[in-house]
Amino acid sequence: HLEPTGASWHVERTPQALSSWIAALPQNIELAVAEATGGFESLVAALLVEAGIPTAIINPRQIRNFASAQGTRAKTDAVDARVISRYASLMKPVPRPLPSDQHRELGELVARRRQLVETATAEKNRLSAITNVRVRKSIEAHLRWLEKQIGDIEDQITTLIKNSPIWEAKHRILLSVCGVGPVTASTLLAELPELGTLGRRQIAALAGLAPFTHQSGKWRGRSFIQGGREPVRRALFMGIKSAVRYNPVLSEFYQQLLNRGKLKSVAKTACMRKLITILNALIRDSFYALPA
C-alpha cells in the first residue's frame, strides 16, 4: 500500500517477482515499512535497501496497537498493508541498516543453540518421570545427540566470533564483566548489535528492561517491563544469578534494593537493567567514543 495515492499490490514473495515490483515503483519513495514476521520480511527488506529505498522493520505489536487506536479491527493482508503504510506516514520510523550475512549467520547459530538447549531440557524433564527401560534408552540417546549438536554449534559460534576482529574484541570486553559468560556474550553480539551505540535508556528499552510507570492521579501502581528482545532478556536473567553473588557492584546494588523492601524478582530485574547499561558503556567507550 502506498501513501498518499492509495495504490496497492499483491506480490509473490520470490526474488524475481519482488525485483520486478520494486523496479516499477514510483521514484523518490521516502520510506518503506514492513512488519517483522519471523524472517519472512528479510528478502523484501534486502531488495528494497538494495534499490536505495530506506527501509524500517517494525514490531507487529506497534502496528496492532496503532490499528486499534484508529478503530481498525479487521485483519486482512489489504487492511494490514494500509495500516502499516498509514503508520509509516504518521510516525516516520527510523530506518536501520540490515544485518550483514555474517551477522545473520551468527544470529541463526545462537538461535539454533537456544532451540537445542530447550529441547534437551524438555527431554531431561521427561527422563525423570519415565520408568520404561526402552523409553529411557531412547531419551538418553536423543540427549547424547543433542549434546553433540550443541557442542558443534558452540564451536561454530566461537569460530565465527574469532574470525571477526571487532566481534572478538567486543566478546572479550563482555566476558570481562562478572556475570557475563560465553552464551550471554554471544547472544548480545547476535541479538543486540546496537550495544554501545545508544544511550542507557534506549538500550534498556531494546532489551525490554525499561520500566513503564503505571499511575493515574494520586493512585500509583507498580512499574513493569514489557516488550523488547526476549532472547537478550533471558540471557541477562541467567547471567544475573551469578552476578548478584560475585559481581561486587551488582551484589551491593542488589542488597540495597532488598533492604529497601523490593521483591527479589524486582531487584533482579533492576540488576539486569544496570548490567546492560554497564555493558553498553564499556562497548561505547571502547569502540564508539569520539576523541575529545
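Residues numbered from 1 in each chain as written. Predicted model: local features only at pLDDT ≥ 70, side-chain atom pairs only at ≥ 80, totals over all residues. Heavy atoms only, no water.

**Details of the overall build of the protein**
Then, number 1: The helix and strand tally for the protein stands at 12 helices and four strands.
Then, number 2: With respect to the three principal axes, the spread of C-alpha positions in the protein is 60 × 60 × 45 Å.
Then, number 3: Across the 292 residues of the protein, 35% fall into the buried class.
Then, number 4: In the protein, the proportion of contacts linking residues at least 24 apart, taken out of those at least 6 apart, comes to 59%.
Then, number 5: Split by element, the accessible area of the protein, about 18,100 Å² in all, is 53% carbon and sulfur.
Then, number 6: Within the protein, the 24 negative side-chain charges are centred at a point lying 12 Å from the centre of the 40 positive side-chain charges. (Helix = DSSP H or I, 4+ residues; strand = E, 2+ residues; numbered from the N terminus. Buried < 20%, exposed > 50% of the residue type's maximum accessible area, 1.4 Å probe, protein only. Contact = heavy atoms within 4.5 Å. Areas by Shrake-Rupley, 256 points an atom, 1.4 Å probe, with all protein chains shown as cover. Lys, Arg positive; Asp, Glu negative; His and termini not counted. Charge placed at Lys NZ, Arg CZ, Asp CG, Glu CD.)

**Brief notes about the nonpolar core**
Then, number 1: Residues Leu 106, Leu 174, Ile 240, Leu 275 and Ile 276 are the most contacted members of the largest nonpolar core, which totals 45 residues.
Then, number 2: Sorting the residues of this core by element identifies helix 5 (101–127), helix 6 (133–162), helix 7 (165–175), helix 8 (182–191), helix 10 (230–246), helix 11 (248–259) and helix 12 (264–288) as the ones contributing at least two each.
Then, number 3: The residues contacting Leu 106, other than those within four sequence positions of it, are Ile 157, Leu 160, Ile 161, Trp 167, Leu 189 and Ala 190. (Core = buried A, V, L, I, M, F, W, Y, C linked by side-chain atoms within 4.5 Å.)

**Things to note about the confidence of the model for the protein**
Then, number 1: On average, residues of the protein carry a pLDDT of 87, and 92% of them reach 70 or more.
Then, number 2: The element-level mean pLDDT for the protein is lowest in strand 4 (residues 219–220), coming to 50, with helix 6 highest at 96. (pLDDT = per-residue confidence, 0-100.)

**Digging into the pairing of strand 1 (residues 32–35)**
Then, number 1: Relative to strand 2 (residues 55–58), strand 1 runs parallel, the two sharing four bridges. What sits directly across from Ala 32, in strand 2, is Thr 55.
Then, number 2: Following the backbone out of strand 1, through helix 2 (residues 42–50) and into the adjacent parallel strand 2, one traces a crossover that is right-handed. (Pairing = 2+ DSSP bridges. Right-handed = clockwise from strand over helix to strand, strands pointing away.)

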